[in-house]
Amino acid sequence: MPDYQLPDFEEIFQHLQSYGGRQSWFLEGQRGEYLAQRGCGIIAASHALLYLGFTREAYADLWPGSPLTRDHYMAYLRDLTQHLYPTYAGIFLPRQMIRGVQHFARSKGLTLNPHLYRGSWREEENFEFIHGGIRENTPVLLLTWNHHDLSFRNHWVSITGIGLEEDKRMLIASNWGIRYRYALANWVRGFSIHRSLIYFT
């Protein structure tokens, strides 16, 4: 199985010279340190919203205009934080993410439908759900609490593609503005207090 990726993700962020947003950029603004430590959910939400706005005419009001420069992106994040703001523990529950994203969309006169994974944490089922989101041409947002892999621990990651590598199911993801490949099995089998998978259409 060749990699199956969101076709427009890199194009959206090309002027930022980054594979998606970076929560460290919050250090440039007010409450910068607070958001830089807890803003991964805001970054993940921005990926979902911007991608829908860029790729779907019906959701064009979610897109701030081309090209997406650093100034445009930071202004977008400031707007988004009016609707989705982390508690001291961050955005640690899926309902917080769903409520904030939907509230932001409604502020633009739009309605977004959340798709929250409600099954068991088994690799094959998880992969099928993620594959479904990518087939819908939208990022899948992954939340993990207390995982042995520091890439996931207490963190939101944006899945932008899937693939196979020596029979391992792989995730392609934006994390800290870098494109990573992760073995899904490592995420599924690692102990976690809580985990979630969400996408929006």
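Please refer to the structure higher up on the page.
Note that this is a predicted model, so its numbers are computed, not measured.

Reading the values: rules and limits
Residues numbered from 1 in each chain as written. Predicted model: local features only at pLDDT ≥ 70, side-chain atom pairs only at ≥ 80, totals over all residues. Heavy atoms only, no water. Helix = DSSP H or I, 4+ residues; strand = E, 2+ residues; numbered from the N terminus. Buried < 20%, exposed > 50% of the residue type's maximum accessible area, 1.4 Å probe, protein only. Contact = heavy atoms within 4.5 Å. Salt bridge = Lys/Arg side-chain N within 4 Å of Asp/Glu carboxyl O. Core = buried A, V, L, I, M, F, W, Y, C linked by side-chain atoms within 4.5 Å. Expected span 1.5 Å × (residues − 1). Phe/Tyr/Trp six-rings, centres within 6.5 Å; stacked < 30°, edge-to-face > 60°. Lys NZ or Arg CZ within 6 Å of the ring centre and 35° of its normal. Polar contact = N/O pair within 3.5 Å; in protein donor to acceptor, adjacent residues only side chain to side chain.

The next point concerns the side chain of T201. Residue position: T201 is located in the segment after β7 (194–200). In this structure T201 comes out as buried when scored by relative accessible area, which is 15%. In this structure, T201 is in contact with Y59, L112, N113, H115, E136 and T138, ignoring residues within four places of it in sequence.

Enumeration according to the criterion identifies eight salt bridges in this entry. A salt bridge links R189 to E123; its shortest N-O distance comes to 3.7 Å. In this pair, R189 is assigned in helix α7 (residues 184–189) and E123 in helix α6 (residues 123–135), connecting sequence segments 66 residues apart. A residue is classified by how much of its surface remains accessible, and R189, at 68% relative accessible area, is exposed. For E123, a relative accessible area of 15% puts it in the buried group. For the salt bridge of E165 with R181, the shortest nitrogen-to-oxygen distance reads 3.1 Å.

Within the largest apolar cluster, 65 residues are counted, with the highest numbers of intra-cluster contacts made by L62, Y73, M97 and F200. Counting residues per element, this core draws most heavily on helix α3 (residues 40–55), at 10 residues. Each residue touching Y73, except ones within four places of it in the same chain, is listed here: F13, L16, G21, W25, I43, S46, H47, L50 and L68.

For α6, with 13 residues, the first-to-last C-alpha span of 18 Å sits near the 18 Å given by 1.5 Å per residue. N137 lies just past α6 and shows a positive phi near 65 degrees.

Turning our attention to the packing of aromatic side chains. Centre distance and the angle of the planes are the two values used to describe a pair of aromatic rings. Per the counting criterion, the structure on display carries 14 aromatic pairs. Here Y76 and F104 contribute two aromatic rings whose centre-to-centre distance is 5.5 Å and whose plane-to-plane angle is 65 degrees, an arrangement assigned as edge-to-face. Placement of Y76 in helix α4 (residues 70–80) and of F104 in helix α5 (residues 94–107) is noted, with a sequence separation of 28 residues between them. Of the residues examined, Y76 reaches a relative accessible area of 7% and is grouped as buried. The exposure class of F104 is buried, given its relative accessible area of 0%. Centroid distance F92 to W145: 6.4 Å. Interplanar angle 80 degrees. Geometry classified as edge-to-face. Taken together, the residues span a long stretch of sequence, with F92 in the loop between α4 and α5 and W145 in strand β3 (residues 140–145) at a distance of 53 residues. Counting every residue linked through ring pairs, the aromatic cluster contains F9, F13, Y19, W25 and Y73. Sitting over the ring of Y34, R38 keeps its end group 4.2 Å from the ring centre. Here the guanidinium or amino end of R70 rests over the ring plane of W25, the centre of that ring lying 4.2 Å away.

By the element assignment, R181 lies in strand β6 (residues 178–183). Sequence spacing of R181 and L171 is 10 residues, and the spatial spacing of their C-alpha atoms is 5.5 Å. Once residues lying within four places of it in the same chain are set aside, the contact partners of R181 are D3, L164, E165, M170, L171 and I172. Polar side-chain contacts of R181 include one of 2.7 Å to the side chain of D3.

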